[in-house]
Amino acid sequence: MADVEAALDQAGLTNPHVREYVRYWADLTGAERVEVISASDDARLAQEALDAGELLPAGEGLYYSRSYHKDTARSEERTIVATSNPEDAGAYNNWRPSSEMKPLLESKMRGASAGKTMYVVPYLMAPPGSPLEAYAAGVELTDSRTVVMHMIRMARVGIDYINDLADPNSFVRAVHVTGDLENLGHGTADDARYFVTVADERTILHFGSSYGGNALLGKIAHGLRQAAYDGWASGAFLSEQFMLLGITDKETGKKYHICGGFPSASGKTNLAMTLAPDALGDRYYVDFYGDDIAWLWVDENDGKLYGMNPEFGVFGVAKDTNEATNPGALHSVDAGSGAIFTNIAYNPKTQEVWWEGKTPNPPEDVTGWEDWKGELISERAEGDDSPWAHPNSRFTTTLSNVPNVAPDFNSPQGVPIDAIIFGGRTRDREPLIRAITDLAEGVYDGLTLGAEATFAAEGVDGQLRYDPMSMRPFMSYPEGSYAAHWLKIIGQAKELPLFAHVNWFQRGDDGRFLWPGYRENLRPLLWLMQLKAGEVSGRQTPVGIIPTKEELNLEGLDISPEDLDTILTIDNARWQQEIEHRDVHLSAFHGLPEEIWEAHRRVKADLEADA
Ligand code: GDP
Ligand code: PGA
Ligand code: MN
Ligand code: MN
């Protein structure tokens, strides 16, 4: 048995509540050793992981990891939000009573870390000094060294964050036990995996995965699910799956901040890392604040809506990342960055890495190359053209490695929000951009976000589904209350943000994307900011204001006039069909505020009048 007291004393971990929590779980999981982690342990942990073969070298200061082949994405079906109040059940949060889930998870975790080290990872999901700091502290206990190394990149990790808490008992208890990955019955009726947030006890219990989205508990489980619940329970803030960026017009000196939600693997990271298109010269500059989570609140003193990124790193999709689509992402994983790659293709002889879309074709000389499962490419059967890298393969790097990271990314007060955008992979109907000025209509638009699901979750790739505000997999309280909480928080702002719906993914009959996307996505955002400033007026449609061709900056853009027409047009008949689906979708939400229904009926009536 681990000598817990000695390990905690040696690390100087003094918070009595944390000590008791560590003791309890060390005892229950049967861990052999306990080790308290600070970010400064990273180099030592990396060496240990390399020596143990858990990580492989991928060039100077770069690491390669493989996860178990059935453990490569978030599992939405196995994810549960538990509380002691049955009224917390919503359409999407897979609610279960905590009285049932806690004993079940304890039984799964009992003795499951025998022979292993239990790492104690104290972290903060906020820049220190943030007005929301009270909701940001947590302690992840994990039996995986690779998870610890990811946490050091993705969250601020250090013992001071929990020794010095204003309320020493106010931290999220986040327990991760990997389990015997090869014998968990993935996808069968006896699936043993459970990813549970006991929201009203601020306790997270995840069993049966070492994949980032399931195992880095500071990020999604605390940063999104728990924080969304806390924001609602306290009435103080929103936590959303949002990117957050700043656009500076160097000519006028104006800076705008935009945040917004697209479902997982639908372009948030790319948008926030976007550099201005070359064709626009160096007039505009994009600052990266965050790419996956934003917490939003209204400041009591100045009445403005603020947003901040609680994370400290980027967990990005590798596929199609290259010098043309996203040079910033490539440079954020340069030699010496400490980046960790997961489930891409790897050559142990040369320590090179590759993924689909990194270069137009895979390396010509396949000698030594292994696919994400570790199988030699040279031994593949004739005609086997399965991808070398897993579609959901990822890179993990700290924010300070991102070339366009905002100089003030670490500042506690956050940034004032000018616009909130929603989007996703929608192959028809949704135009390039449509702006919405009314609060209820903006919230309604978020609630009715419909898009194709992606490989970031198990078993749903390509499925068309509603994904309210892109929060479907992270919803932790009922949707009716969620809508009301949105109306309340944003409604407190003395100046409302502009809302918009964007779509970079409309396709032609031949399946090609009509809009070139990536860096060019800055163009519709510039139009949105001009609309906000009253410099353009667009064209009013029943579903929002869309840019005229003259207003959109098209300098140096490669798009045909026909395709441009298609993405700047509202297909009324198709939209009326969509409204019928929305009737059904919204009816599943109990207690949806009347303002949202009014917005729905207004859009419906406007579409009918415009037909
Ligand atoms: P996130 O998971 O929402 O952060 O999405 P990412 O930015 O990581 O992008 C997910 C996938 O979509 C990657 O394979 C990107 O290359 C691709 N992607 C991102 N933006 C665009 C775009 O504007 N157009 C197209 N066609 N693909 C994009
Ligand atoms: P993503 O982040 O949104 O960048 O894919 C991870 C996730 O949501 O699982
Ligand atoms: Mn995400
Ligand atoms: Mn991302």
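A quick note: this is a predicted structure, and the numbers were derived from the prediction, not measured.

A.B. asks: Any chance you could explain the pattern of salt bridges here in plain terms?
C.D. replies: Oppositely charged side chains can form a pair if their charged atoms are brought close together. If you walk through the whole model with that rule in mind, you get 48 salt bridges. Between glutamate 251 and arginine 283 there is a salt bridge whose closest N-O contact spans 3.3 Å. Of this pair, glutamate 251 sits in the loop between strand 13 (243–249) and strand 14 (254–261) while arginine 283 is found in the loop between helix 9 (268–272) and strand 15 (284–290), placing the two residues 32 residues apart along the sequence. Across the pair aspartate 445 and arginine 434 runs a salt bridge whose closest N-O atoms are separated by 2.7 Å. With aspartate 445 in helix 11 (residues 439–447) and arginine 434 in strand 25 (residues 433–436), the pair connects residues that are 11 residues apart, well separated along the chain. A residue is classified by how much of its surface remains accessible, and aspartate 445, at 4% relative accessible area, is buried.

A.B. asks: Can you help me understand the environment of glycine 338 in this one?
C.D. replies: Within the fold, glycine 338 resides in the loop between helix 10 (327–331) and strand 19 (340–342). Taking the C-alpha atoms as reference points, glycine 338 and tryptophan 297, separated by 41 residues in sequence, lie 33 Å from one another. Sequence-distant contacts of glycine 338, that is, excluding residues within four places in its chain, are made with Gly61, Leu62, Tyr63 and Arg153.

A.B. asks: Is there a simple way to explain the coordination of the manganese ion (ligand 3) in this structure?
C.D. replies: Ideal geometry at a metal centre: 109.5 degrees between donors when four sit tetrahedrally, and 90 or 180 degrees when six sit octahedrally. Donor atoms from the polypeptide that coordinate the manganese ion (ligand 3) comprise Gln241 (OE1) and Asp292 (OD), at 2.0 to 2.1 Å from the metal. Here the manganese ion (ligand 4) and the manganese ion (ligand 3) are spaced 5.5 Å from one another. Placement of glutamine 241 in the loop between strand 12 (238–240) and strand 13 and of aspartate 292 in the loop between strand 15 and strand 16 (294–298) is noted, with a sequence separation of 51 residues between them.

A.B. asks: In this structure, what is going on with the UniProt feature "binding site: substrate" (unreviewed entry) in the chain? I would like to understand it.
C.D. replies: Following the UniProt record, the feature "binding site: substrate" (unreviewed entry) maps to Arg74, Tyr211, Gly212, Gly213, Ser264, Asn392, Ser393 and Arg394 here. Considering only the annotated residues already named, the ones lining the largest pocket are Arg74, Tyr211, Gly213, Ser264 and Arg394. Within the fold, glycine 212 resides in helix 7 (residues 212–215). Within the element layout of this structure, asparagine 392 appears in the loop between strand 21 (352–354) and strand 22 (394–398). Filtering out sequence-adjacent residues up to four positions away, asparagine 392 remains in contact with Thr72, Ala73, Tyr211, Phe455 and Ala456.

A.B. asks: So what exactly am I meant to see when it comes to the packing of helix 3 (residues 42–52) against helix 5 (residues 145–154) here?
C.D. replies: In a packed pair of helices, the relevant descriptors are the angle between the two axes and the axis-to-axis distance. Look at helix 3 against helix 5: their axes get within 10 Å of each other, and the N-to-C directions meet at 145°. Crossing of helix 3 over helix 5 shows left-handed handedness. Counting all contacts with helix 3, which are made through Asp42, Leu45, Ala46, Glu48, Ala49 and Ala52, the residues of helix 5 involved are Arg145, Val148, Met149, Ile152 and Arg153. Partitioning the contact of helix 3 with helix 5 into residue classes produces seven nonpolar, no polar and four charged.

A.B. asks: Just checking my understanding: could you explain the site of ligand 1 for this structure?
C.D. replies: Taken together, 18 residues lie around ligand 1, and Ala265, Gly267, Lys268, Asn270 and Tyr518 are the ones closest in. In this structure, lysine 268 approaches ligand 1 through a side-chain N or O atom, which is 2.7 Å from an oxygen atom. When ligand 1 is considered free in solution it has 580 Å² of accessible area, and contact with the protein chains removes 95% of it. In this structure the site holding ligand 1 corresponds to the largest pocket. Ranked by the residues each element gives to the shell around ligand 1, the list is headed by helix 9, at three residues. Residues from two domains meet in the shell around ligand 1; each of domain 2 (53–66 + 313–400) and domain 3 (239–309 + 409–610) gives at least three.

A.B. asks: Looking at this model, I keep getting lost on the sheet that holds strand 22. Mind explaining?
C.D. replies: Pairing between the strands of a sheet is mediated by backbone hydrogen bonds and can be parallel or antiparallel. On the basis of which strands lie adjacent, the open sheet formed by five strands has the order 2-3-19-22-18 and mixed pairing. Pairing within the sheet leaves two strands with one partner each, and these edge strands are strand 2 (56–57) and strand 18 (313–317). Pairing analysis gives five bridges linking strand 18 to strand 22, with the strands arranged antiparallel. Within strand 22, the residue paired with glycine 316 across the bridge is phenylalanine 395. Where helix 5 meets the sheet, it contacts strand 3 (63–65), strand 18, strand 19 and strand 22, and its direction lies at approximately 55° from that of strand 22.

A.B. asks: Mind showing me how you'd approach empty space enclosed by the protein here?
C.D. replies: Which parts of space are left empty comes out when a probe the size of a water molecule is rolled across the atoms. Under the criterion given, the structure shown has six cavities of 30 Å³ or more. Taken as a whole, the largest cavity spans an internal volume of roughly 100 Å³. Around the largest cavity, the lining is made up of 14 residues, and of these Tyr289, Met308, Asn309, Asp408 and Phe409 lie nearest the centre.

A.B. asks: Explanation requested: the site of ligand 2 in the structure shown.
C.D. replies: Near ligand 2 you find Arg74, Ile220, Gln241, Ser264, Ala265, Lys268, Asp292, Arg394 and Phe474, and these make up its full shell. Residue serine 264 places a side-chain N or O atom 2.7 Å away from an oxygen atom belonging to ligand 2. At 2.7 Å from an oxygen atom of ligand 2 is found a side-chain nitrogen or oxygen belonging to lysine 268. Summarising the interface, the protein chains cover 98% of the accessible area of ligand 2, which totals 270 Å² for the free molecule. With respect to the pocket detection grid, ligand 2 is positioned in the largest pocket. Counted by class, the shell around ligand 2 contains three nonpolar, two polar and four charged residues.

A.B. asks: Please clarify how the UniProt feature "active site" (unreviewed entry) in the chain should be interpreted in this entry.
C.D. replies: The UniProt feature table records "active site" (unreviewed entry) at Ser266. With respect to the helices and strands, the residue serine 266 is situated in the loop between strand 14 and helix 9. You can call serine 266 buried: its relative accessible area is 1%. The contacts of serine 266, once residues within four sequence positions are left out, are Gly424, Arg425, Thr454 and Phe505. Engagement of the side chain of serine 266 in a polar contact is seen with the backbone oxygen of proline 263, the distance being 3.0 Å.

Cut-offs and rules
- Residues numbered from 1 in each chain as written.
- Chains lettered and ligands numbered in written order.
- Predicted model: local features only at pLDDT ≥ 70, side-chain atom pairs only at ≥ 80, totals over all residues.
- Heavy atoms only, no water.
- Salt bridge = Lys/Arg side-chain N within 4 Å of Asp/Glu carboxyl O.
- Helix = DSSP H or I, 4+ residues; strand = E, 2+ residues; numbered from the N terminus.
- Buried < 20%, exposed > 50% of the residue type's maximum accessible area, 1.4 Å probe, protein only.
- Contact = heavy atoms within 4.5 Å.
- Donors = N, O, S within 2.8 Å, 3.2 Å for Na, K, Ca; no water.
- UniProt positions renumbered as here; feature names shortened; annotations may be inferred.
- 1 Å grid on protein atoms, 1.4 Å probe; cavity = no way out; pocket = protein on both sides within 12 Å on 5 of 7 lines; lining within 4 Å.
- Axes fitted to C-alpha atoms, helices over the stretch in contact; angles between N-to-C directions.
- Left-handed = near helix turned anticlockwise from the far one by under 90°.
- Nonpolar A, V, L, I, M, F, W, Y, C, P; charged D, E, K, R; others polar.
- Near = heavy atom within 4 Å.
- Polar contact = N/O pair within 3.5 Å; in protein donor to acceptor, adjacent residues only side chain to side chain.
- Areas by Shrake-Rupley, 256 points an atom, 1.4 Å probe, with all protein chains shown as cover.
- Sits in = over half its atoms within 2 Å of the grid points.
- Domains from an automatic or database assignment.
- Pairing = 2+ DSSP bridges.
- Points joined across faces, edges and corners; volume = space filled by probe spheres on them.

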